[in-house]
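Summary of the model geometry
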Amino acid sequence: IDQYGFRQGPLLLNRMRYVPRPIPITFVASNGDLCRRNEAFYRGPQAPEFVLANLEPLDGHIVSQRDGLALAALFDDYRPVEVEKGQVLLQRNDPEHRSRAAEWSLLAEHEVRVGERIPLGADTSGFVYATVEMQRRWTARLRSLLLRPPPARIRLRFQDGKGVIRRISLAAPDVPFLVRPLVENNADLLAAYRGSESLRMPDALVVEPVPGMEAYFDPHVR
């Protein structure tokens, strides 16, 4: 069994046969190489029979970007079989219902100004993933020598005019992360597996610097 999240304690304290993926904590899988290693682990022959999933927000970041390719592999190759104390136990599918690799298809490509609305399309029958590329200026690199890199954020908008704002990482611009449906906790995870009507379905997104950080970024986003 592995644990998807950042709370491995229940597995260790209960002396389960813990078989972690290469980068065992979601928020540590912070670049493309690390994300792809974890995805390959879940899709390969060494993948564990079970995964205990516990999705939680951390520091205001969008949850699906943390080890997001591994999450995509869980949606493809695992299914929920039990829920206890809010945590979701996933079991690996039979071999004929597994995917050796994700089947991506490009829906659209946009190059817009920072803060400009990007539509996600009207078809809500499948999952929609996004990649985000936004260039930092040389002043941002100078700032990073003394402080953290200037942060960026994503605004996911809904048809009713409401939305959510979450921070995003720009360290892996080539790694897709789930933006529709919005999956931020274990209830969302179960709803996504079951295709529940309770899913939150954004119809557009906006990428922008965190307020006060605009001067550190190029005004375009891809």
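Here, every reference points to the structure presented above.
Residues numbered from 1 in each chain as written. Predicted model: local features only at pLDDT ≥ 70, side-chain atom pairs only at ≥ 80, totals over all residues. Heavy atoms only, no water.

1. Quick notes on the sheet that holds strand E9 (residues 152-157)
Defined as follows: The pairing criterion is simple: DSSP has to find at least two bridges between the two strands. Runs of H or I in DSSP of at least four residues are treated as helices and runs of E of at least two as strands, each being numbered from the N terminus.
Pairing in this open sheet of four strands is antiparallel, and the strands run E6-E12-E9-E10 from one edge to the other. The sheet is open, and its two borders are formed by strand E6 (118-119) and strand E10 (163-168), each paired with just one other strand. Alignment of E9 against E10, held across six bridges, turns out to be antiparallel. Across the sheet, residue Arg153 finds its bridge partner in E10, namely Arg167.

2. Concerning the nonpolar core
Quick note on the threshold: Here, nonpolar core refers to any group of buried Ala, Val, Leu, Ile, Met, Phe, Trp, Tyr and Cys residues whose side-chain atoms link them within 4.5 Å. Three labels apply to residues, based on accessible area from a 1.4 Å probe with only protein chains included: buried if under 20% of the type maximum, exposed if over 50%, partly exposed otherwise in between. Residues count as neighbours in contact if any of their non-hydrogen atoms are within 4.5 Å of one another.
Ile154, Leu156, Ile168, Val179, Leu205 and Val207 are the most contacted members of the largest nonpolar core, which totals 24 residues. Elements with a minimum of two residues in this core: strand E7 (128-130), E9, E10, strand E11 (177-180), strand E12 (204-209) and strand E13 (217-221). Here the element with the most residues in this core is E9; it accounts for three residues. Once residues within four sequence positions are removed from consideration, Val207 is found in contact with Val114, Gly115, Val132, Met134, Arg153, Ile154, Ile168 and Val221. Grouped together as the second largest cluster of nonpolar side chains are 23 residues, Tyr42, Val63, Ala70 and Leu190 included.

3. A word on the packing of helix H3 (residues 68-77) against helix H5 (residues 186-194)
We apply this condition: For helices, the fitted axis covers only the stretch in contact; all axes are lines through C-alpha atoms, and the angles between them, taken along N-to-C directions, range from 0 to 180 degrees. In these notes the angle categories are as follows: under 35 degrees is roughly parallel, over 145 is roughly antiparallel, 65 to 115 is roughly perpendicular, and the rest is oblique. Crossing handedness is read from the near helix: turned anticlockwise from the far helix by less than a right angle, it gives a left-handed crossing, and turned clockwise, a right-handed one.
Relative to each other, H3 and H5 sit at 45°, their axes nearing to 10 Å. Overall, the two elements H3 and H5 adopt an arrangement that is oblique. Relative to H5, the crossing made by H3 is right-handed. Along its contact with H3, which presents Leu71, Leu74 and Phe75, the element H5 presents Leu189, Ala192 and Tyr193.

4. Digging into the pattern of salt bridges
Heads up, the rule is: Counted as salt bridges are all cases of a side-chain nitrogen of Lys or Arg within 4 Å of a carboxyl oxygen of Asp or Glu.
In the structure shown here, the tally under the stated rule is 16 salt bridges. One salt bridge connects Asp2 with Arg21, and the closest N-O pair in it is separated by 2.8 Å. Of this pair, Asp2 sits in strand E1 (residues 2-4) while Arg21 is found in the loop between helix H1 (9-13) and helix H2 (32-43), placing the two residues 19 residues apart along the sequence. In this structure, Asp2 and Arg21 share a single accessibility class: buried. Across the pair Arg155 and Glu208 runs a salt bridge, and its minimum N-O distance is 2.9 Å. One end of the pair, Arg155, is in strand E9; the other, Glu208, is in strand E12, and 53 residues separate them in sequence. By sharing partners, the salt bridges in this structure join Glu39, Arg43, Asp76 and Asp77 into a single network.

5. Side note on the packing of aromatic side chains
Note the cut-off: A pair of aromatic rings is counted whenever rings of Phe, Tyr or Trp (Trp by its six-membered ring) have centres within 6.5 Å, and the orientation is called stacked for planes under 30 degrees apart, edge-to-face for over 60 and tilted otherwise.
Going through the model one piece at a time under the given rule, you end up with six aromatic pairs. Summarising the aromatic geometry, the rings of Phe41 and Tyr42 are spaced 5.9 Å apart at their centres and angled 45° between planes, so their arrangement reads as tilted. For Tyr42, a relative accessible area of 0% puts it in the buried group. Ring pairs connect the aromatic residues Phe41, Tyr42 and Tyr78, which therefore count as one cluster.

6. A short note on unusual backbone geometry
Looking along the chain, the bond that leaves Arg180 and enters Pro181 is cis, with omega of 0°. Note that Pro181 resides in the loop between E11 and H5. Phi is positive for Lys85, close to 50°, though the residue is something other than glycine.

7. Here's the deal with the sheet that holds strand E4 (residues 87-92)
By definition, the strands of a sheet pair up through backbone hydrogen bonds, in either a parallel or an antiparallel sense. Pairing is mixed across the open sheet formed by four strands, whose spatial order is E1-E2-E4-E3. Strands at the two margins of the open sheet, each flanked by one partner only, are E1 and strand E3 (78-84). Across the sheet, the mean angle from the axis of one strand to that of its neighbour is 30°, orientation sign disregarded.

8. What about the environment of Ser105?
If you trace the backbone, Ser105 turns up in the loop between E4 and strand E5 (112-113). For Ser105, a relative accessible area of 59% puts it in the exposed group. Between the C-alpha atoms of Ser105 and Val128, which are 23 residues apart in sequence, the distance is 9.9 Å.

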